[in-house]
Amino acid sequence: MSEDVRVAVDGRTLRLSNLDKVLFPRTGTTKGEVLDYYARISPVLLPHLHGRAVTRIRWPHGVAEGSFFEKNVPAGTPGWVRTVTVPTTGSRTASKQDGTLTFPLVEDLATLTWLVNLAALELHVHQWTVDEDARPQGASRVVIDLDPGEPAGLHECCTVALMVRERLDARGLSAYAVTSGSKGLHLYAGLDEPLSSDETTALAKEVAEELQAAHPKLVTATMTKSRRGGKVFLDWSQNAGSKTTISPYSLRGKERPYVAAPVTWDEVEEGAADPLGLEQMTFTEVLERVERLGDVFGVA
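Because the structure is predicted, anything quoted here is derived from the model rather than measured. Position numbers for residues start from 1 in each chain and track the written sequence from start to end. Note on the predicted model: pLDDT of at least 70 is required for a residue's local features to be given, and 80 or more for side-chain atom pairs to be given and counted; whole-chain, interface and lining totals, by contrast, use all residues. Think of the side-chain values as coming from all heavy atoms in the structure, minus any hydrogens and water.

A. Up close: the pairing of strand E1 (residues 5-9). What makes two strands pair is DSSP finding at least two bridges between them. Labels follow the DSSP assignment, with helices taken as runs of H or I lasting at least four residues and strands as runs of E lasting at least two, numbered in each case from the N terminus. Relative to strand E2 (residues 12-16), E1 runs antiparallel, the two being bridged by five bridges. Each residue of the ladder has a partner; that of Ala8, found in E2, is Thr13. Count of turn residues in the E1/E2 antiparallel hairpin: two residues, of which Asp10 carries a positive phi of about 50°.

B. The arrangement of the sheet that holds strand E16 (residues 245-246) in detail. The antiparallel open sheet is built from four strands, whose spatial order is E6-E5-E9-E16. Each edge of the open sheet is held by one strand with a lone partner, namely strand E6 (68-70) and E16. With three bridges connecting them, strand E5 (residues 54-58) and E6 associate as antiparallel partners. Note on E6: the bridge partner recorded for Ile57 is Phe69. Across the face of the sheet, helix H1 (residues 31-49) comes into contact with E5 and strand E9 (120-125) while running at roughly 5° to E9. For this analysis, residues touch if any pair of their heavy atoms sits within 4.5 Å. Each axis is a line fitted through C-alpha atoms, and for a helix only the stretch in contact is used; angles between axes span 0 to 180 degrees, taken between their N-to-C directions.

C. Broad picture of the state of the cysteines. Pairs of cysteine sulfur atoms within 2.5 Å are what we label disulfides. Under the counting rule described, the total for this entry stands at zero disulfides. Here Cys158 is not disulfide-linked; the sulfur of Cys157 is the nearest cysteine sulfur, at 7.1 Å. Remark: exposure states derive from per-residue accessible area (1.4 Å probe, protein chains only) relative to the maximum for the residue type, with buried under 20%, exposed over 50%, and partly exposed in between. Exposure remark for Cys158: the relative accessible area of 0% places this residue in the buried category.

D. Seen up close, the packing of helix H3 (residues 154-170) against helix H5 (residues 265-273). Packing of H3 against H5 leaves a shortest axis separation of 7 Å and a crossing angle of 125°. Classified by the angle their axes make, H3 and H5 are oblique. Handedness of the H3/H5 crossing: left-handed. On the side of H3, the interface is formed by His155, Cys158, Thr159, Ala161, Leu162 and Arg165, while H5 contributes Trp265, Val268, Glu269, Gly271, Ala272 and Ala273. An angle below 35 degrees is read as roughly parallel, one above 145 as roughly antiparallel, one from 65 to 115 as roughly perpendicular, and any other as oblique. Put simply, a crossing is left-handed when the front helix is turned counterclockwise from the back one by less than a right angle, and right-handed when it is turned clockwise.

Next up, the structure:
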């Protein structure tokens with residue numbers, strides 16, 4: 001269907017365009033299929049986007065072509081899209097007039113569909129939230145990104161993830177795992193009370209440095225890429241107020257339509273025991289497992 005289509009979504013009329021455009025050439029996945037995925041996954045995706053400013057990565061011509069980050073809401077944003085405006089420093093995308101960024105809040109299917117129609121394949125969120133009046137609050141969770149340096153891979157990430165879970169558990173924090181849809185794993189732990197971004201960053205860095213000291217041949221907390229070979233980098237910096245992490249259930253702009261997929265600890269343990277025990281998942285696999293298991297990601 002090359003012509004535009006008008007659809008009603010949550011009481012809003014949206015114009016969807018280029019539904020037959022191939023966005024993932026390797027698999028032939030079209031924009032229409034991407035929109036269908038996001039609509040079908042929305043019951044479990046939207047609760048994890050709720051109250052969080054969303055940064056998008058857009059691929060207007062598909063993943064084989066260029067992409068760009070987008071933080072501010074684009075020109076032509078519908079008036080019904082809820083937003084949050086926050087001060088920022090040092091961002092090239094900040095308003096030159098007042099040094100602010102205005103992010104969309106993606107809390108309903110209409111807003112989600114509108115953004116995906118703009119070829120926003122990846123949805124990235126902060127760890128801090130906003131209240132019902134769109135006023136920024138503290139961080140509701142801490143995140144640690146497990147990023148393997150070749151030849152390390154997801155198998156090594158699973159091994160390290162079990163160590164991170166133990167360290168977080170010792171601090172009274174329950175961890176949940178998400179395959180990144182790229183190479184590694186993301187671990188999240190919810191907080192009983194909101195903390196500042198400085199506090200969550202310090203907590204994540206402390207865990208990372210403890211494991212680096214205990215397992216120096218396998219773990220690094222150092223950002224220098226040249227020192228990551230064969231190790232799992234524990235990226236604690238994504239807790240900073242200006243940083244974002246791919247949302248659970250978001251697609252990734254990779255060669256295949258992989259998804260940041262929540263997984264159980266049984267699956268992580270299997271991945272640690274067997275180099276082929278856990279793999280990154282495509283959107284069709286994620287839809288099937290959500291239908292079968294529901295949402296296994298326990299952090300709001």
